[in-house]
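Structural characterization, general
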Amino acid sequence: MHLGIFLEQVPDGNMAWWQMLASGLGWTLATAFFAWIMAFVLGSIVGVVRTTDNHWAVRIGDAYVELFRNIPLIVQFFIWYFVVPGLVLAVKRWVVTLDPTQHQFVTAVICLGFFTSARIAEQVRSGIQSLSRGQRNAGYALGLTQTQTYRFVLLPMAYRIIIPPLTSEIMNLIKNTAVAYSIGLVELFFRTREMAEMTFRYFDAFTAATVIYVVIALTANRVMALIERRLAVPGYITGGK
Amino acid sequence: MIEINNISKWYGSFQVLSDCTTSVKKGEVVVVCGPSGSGKSTLIKCVNALEPFQKGDIIVDGISVTDPKTNLSKLRARIGMVFQNFELFPHMRITDNLTLAQIKVLGRSREEAAARGLKMLERVGLKEQAHKFPGQLSGGQQQRVAIARALAMDPIAMLFDEPTSALDPEMINEVLDVMVELAKEGMTMMCVTHEMGFARKVAHRVIFMDQGRIVEDDTKDEFFGKPRSERAQQFLSKILHH
Amino acid sequence: MIGDLDFEVIGRSLPYLLRGLQYTVQLTVVAALGGTFFGTLLAMARLSSFRPVSLTAAGYVNLMRSVPLLLVIFWFYFLAPVIVQSVMGWERPPQIGAERSAYITFIMFEAAYFCEIMRAGIQSISKGQVGAAFALGLNYWQAMKLVILPQAFRNMLPVLLTQTIVLFQDVSLVSLLNVTDFVGASVKIAQRDSRVVEMYAFVAVVYFILCYSLSTLVKQLQRRIAIIH
Ligand SMILES: Nc1ncnc2c1ncn2[C@@H]1O[C@H](COP(=O)(O)OP(=O)(O)O)[C@@H](O)[C@H]1O
Ligand SMILES: [Mg+2]
């Protein structure tokens, strides 16, 4: 491996290859960040809805999860990038006002946001259902409304319990960002591939990307472990219920 | 204060409660007993509408729990409930367990709620534990906190669902003592329990349930004198001979 | 807009699409079987008390699980000829092509995921079973093959199948190497006939029907296993 290659200038560009990869990493992280916020909010709502007593709401929540779980991510990217603007005139009108990078970024965030939200919904649902029925009853018996019971009693415990699977979801999301390469978003994998093709230094480029992804995974793991410890409930053993 | 009128309940085709009728007057202590699976928990949960039922009606302090116009949260806030497994909120300190509903439901200020909570905690003898988490207390202590949490809401009646059956034997009395005291102060109570010592001491009436039916509804003396049904006699001899 | 759609393109190109789907299924099956085989070996290695072996296995599994599948696909596409060359001692790297390198990729990649499933399966078998097997005089390999693995495999079957459905979807990423799997075939038709909307909508519907039916079957299987236990 020759590190010098990363300092070489990109042809027709005024930056070095390492800067190119760094900008790709920036897009990867930005996409993952916004998609995560969207996924967390949507996933929590759908997950909660699936634990209510309203049959129809539960059905719709289940259908939502199945929809995003049973179509390959790359196909979902094509749907959001090509099919939705092709079918909905209003979207098409809006899309043509965007520059390509904006369009790719927005598509990637929406696509990954929905895709990940279905997975988070599944975690939130199982987290809530792992709590005893008595916790919900205790909330109601004190006069709390359903919303208050979720807000103060059920969700705070459910989120704590599902921190480990949420950690894997964060890492999955960051990895899945690479699929945005399929619609041309200039994220880390796109830049890696570009560097490999233009310099013929496949080994160096792929190794660099691998190292970066591993470092991200390790960091995410550490950060979440820290959060888990910070939020740990004294006297309560997670998973030991 | 609590009137249960001909209620029946089914889980699918399985009938859990069959035409149950009884009442609890103001200041009265009623003990409900019966074999496991006879529907005691279900019945008591119907009183504060934690369980819906298909037939009959329950009137609490003049308000029907089946009336769609009834604000169930408001109604529940006025009835305290204590569960078999304590059901303290594990992620909250004892103080927050005590104040949460006072603030969110009764609209009390934080200080007012904290003062009231602390007073109730003192009453159950656990003032020093205020800043701990539920997981750091023993079972008996947790159950006493749960009672304090219900009392802090200034309930007009208290429901207990086997409050001592999840406890180690040496902790049962500390909880029963609190309940006895409460009864003596004139609290209206409906208690599912197999603690016949408690029933003897403070109950006014004893209800015996079997297979979803109220088989006996006697005064304490009648019940312990000689229950009419054979099932109740069998049941009594079983638990008294432990 | 809807009026402009021409779904006949699907009928016209159906044989081509089906050939793509056939490749997708083939790759899925081979990778699931190969992945289970190597994954089981990896799981045994991870549970080995000989540290160099367990650490190497853990390192491999963690590495595979921290990088995007897309990167792994390109890694193997690029490395496969080099690996074959060095294994066979040839003078020049052979032409392998994306279609065949994908088999290596998915077997190696899935092995890491199947490893974690099998490891959980092996660990779920009580220590008493291992003891009983040894007490009967079986050696390690016999105990594994005859007693532990069959039970672990049966317990984990629903999870293994669910992972296979995920794999079936993940295979679509090979289309980015220009391979004509189901998605790859649809991309080519979509571009040739300018029927992007129709093709991708069709592909999504087909995947949904297949994956949803399969996962429903797996759920039924899971329920039946739960009853037996
Ligand atoms: N959610 C439920 N679905 C179906 N059956 C239930 C449910 N909850 C309780 N039951 C059944 O109702 C009967 C009465 O239960 P319960 O009121 O808890 O009895 P007890 O408290 O007297 O032991 C039992 O046979 C129990 O199996
Ligand atoms: Mg009960």
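Note that this is a predicted model, so its numbers are computed, not measured.

Thresholds, definitions, all that
Here the residue numbering is sequential within each chain, running from 1 through the sequence in written order. Lettering of chains starts at A and numbering of ligands starts at 1, both following the order in which they are written. The predicted nature of this model means local features are confined to residues of pLDDT at least 70 and side-chain atom pairs, given and counted, to a pLDDT of 80 or more, with totals for whole chains, interfaces and linings taken over all residues. The side-chain quantities take in all heavy atoms of the structure and omit both hydrogens and water. Helix and strand assignments come from DSSP, with helices taken as H or I runs of at least 4 residues and strands as E runs of at least 2, each series counted from the N terminus. Partly exposed residues are those whose accessible area sits between 20% and 50% of the maximum for their type, while under 20% is buried and over 50% is exposed, using a 1.4 Å probe and protein chains only. Positive charges come from Lys and Arg, negative ones from Asp and Glu, while His and the chain ends are left out of the count. Where a charge lies is defined by one atom per residue type: Lys uses NZ, Arg uses CZ, Asp uses CG and Glu uses CD. Each pair of strands is called paired provided DSSP finds at least two bridges between the two strands. Residue contacts are counted whenever heavy atoms from the two residues lie within 4.5 Å of one another. Reported buried area values correspond to the accessible surface (1.4 Å probe) lost by two parts on association, with both partners' losses combined. What counts as a salt bridge is simple: a side-chain nitrogen of Lys or Arg found within 4 Å of a carboxyl oxygen of Asp or Glu. Definition of a polar contact: a pair of N or O atoms within 3.5 Å, with one able to donate and the other able to accept a hydrogen when the atoms are protein atoms, and with sequence-neighbouring residues admitted only if both atoms are side-chain atoms. To pair, rings of Phe, Tyr and Trp, with the six-membered ring standing in for Trp, must have centres within 6.5 Å; the planes then decide the type, stacked if under 30 degrees apart, edge-to-face if over 60, and tilted in the middle. The span you would expect from a helix comes to 1.5 Å times its residue count less one. Scored between 0 and 100, pLDDT is the confidence that the predictor attaches to each residue.

With respect to the overall build of chain A
When helices and strands are tallied, chain A shows 10 helices and 0 strands. Taken from the N to the C terminus, the helices and strands of chain A come in the order α-α-α-α-α-α-α-α-α-α. Across its three principal directions, the C-alpha atoms of chain A cover 70 × 50 × 25 Å. Every one of the 241 residues in chain A was classed for burial, and the buried ones make up 55%. Averaging the positions of the 19 positive and the 13 negative side-chain charges in chain A gives two centres separated by 12 Å.

Let's talk about the pairing of strand S7 (residues 157-161) of chain B
Residues and elements named next belong to chain B. Most of S7 sits inside the fold, with 5 of its 5 residues counted as buried. Residues of S7 alternate between two faces, with Ala157, Leu159 and Asp161 on one and Met158 and Phe160 on the opposite face, all of them buried. The sheet contact formed by strand S6 (residues 79-82) and S7 spans 4 bridges and is parallel. Bridge assignment links valine 82 to a residue of S7, and that residue is phenylalanine 160. Examined bridge by bridge, S7 and strand S8 (residues 189-192) share 4 bridges and lie parallel to one another.

Description of the interface of chain A and chain B
In this assembly, 22 residues from chain A lie in contact with 24 residues from chain B. Buried area between chain A and chain B, summed over both chains or domains, comes out near 2,000 Å², and the portion from carbon and sulfur atoms is 67%. Here chain A is connected to chain B by 0 salt bridges. Remark: the boundary between chain A and chain B carries 5 residue pairs in polar contact (both at pLDDT 80 or more).

What to know about the packing of aromatic side chains
Overall, the coordinates contain 31 aromatic pairs over all chains when judged by the stated rule. Seen in terms of ring centroids, tyrosine 181 of chain A and phenylalanine 189 of chain A are 5.1 Å apart; in terms of plane orientation they differ by 85°. Their pairing is edge-to-face. With a centroid separation of 5.3 Å and an interplanar angle of 20°, the aromatic rings of tyrosine 202 of chain A and phenylalanine 78 of chain C are classed as stacked. With tyrosine 202 of chain A in helix H10 (residues 202-231) and phenylalanine 78 of chain C in helix H4 (residues 69-88), the pair connects residues from two separate chains. The class of phenylalanine 78 of chain C is partly exposed, set by a relative accessible area of 23%.

What about H10 of chain A?
For H10 of chain A, built from 30 residues, the straight-helix expectation of 44 Å at 1.5 Å per residue is met to within 8% by its first-to-last C-alpha distance of 43 Å. Three or more residues of H10 of chain A are buried, namely Asp204, Ala205, Phe206, Thr207, Ala208, Ala209, Thr210, Tyr213, Ile216, Ala217, Ala220 and Met224 of chain A.

Examining helix H9 (residues 188-199) of chain A
With 12 residues, H9 of chain A extends 16 Å from end C-alpha to end C-alpha; this agrees with the ideal 16 Å at 1.5 Å per step. Taken together, the buried positions of H9 of chain A are occupied by Leu188, Phe189, Arg191, Thr192, Arg193, Met195, Ala196 and Thr199 of chain A. Among the structural elements, helix H1 (17-49) and H10 of chain A together with H4 of chain C are those in contact with the buried residues of H9 of chain A. Capping the start of H9 of chain A is the job of one residue whose side-chain oxygen sits 2.9 Å from the backbone nitrogen of phenylalanine 189 of chain A: glutamate 187 of chain A.

Some details on the confidence of the model for chain A
Of the residues in chain A, 98% have a pLDDT of 70 or more, and the chain-wide mean is 92. At the low end of the mean pLDDT range in chain A sits helix H4 (residues 89-95) of chain A, at 90; at the high end sits helix H5 (residues 100-130) of chain A, at 97.

Some words on the side chain of arginine 144 of chain B
Residues and elements named next belong to chain B. Within the fold, arginine 144 resides in helix H5 (residues 139-151). Taking the relative accessible area as the measure of exposure, arginine 144 reaches 12% and is therefore buried. Separated by 2.4 Å, the side chains of arginine 144 and glutamate 174 make a polar contact. Once residues within four sequence positions are removed from consideration, arginine 144 is found in contact with Val124, Gly125, Leu126, Glu174, Val175 and Val178.

Here's the deal with the interface of chain C and chain A
Every contact between the two is made by 33 residues of chain C and, on the other side, 32 residues of chain A. Together chain C and chain A conceal approximately 3,000 Å² of surface at their shared face, both sides included; 80% is due to carbon and sulfur atoms. Across the contact surface, chain C and chain A share 1 salt bridge. Note that glutamate 66 of chain A is salt-bridged to lysine 219 of chain C, the shortest N-O span being 3.3 Å. Summed over the shared surface of chain C and chain A, the result is 5 residue pairs in polar contact (both at pLDDT 80 or more).

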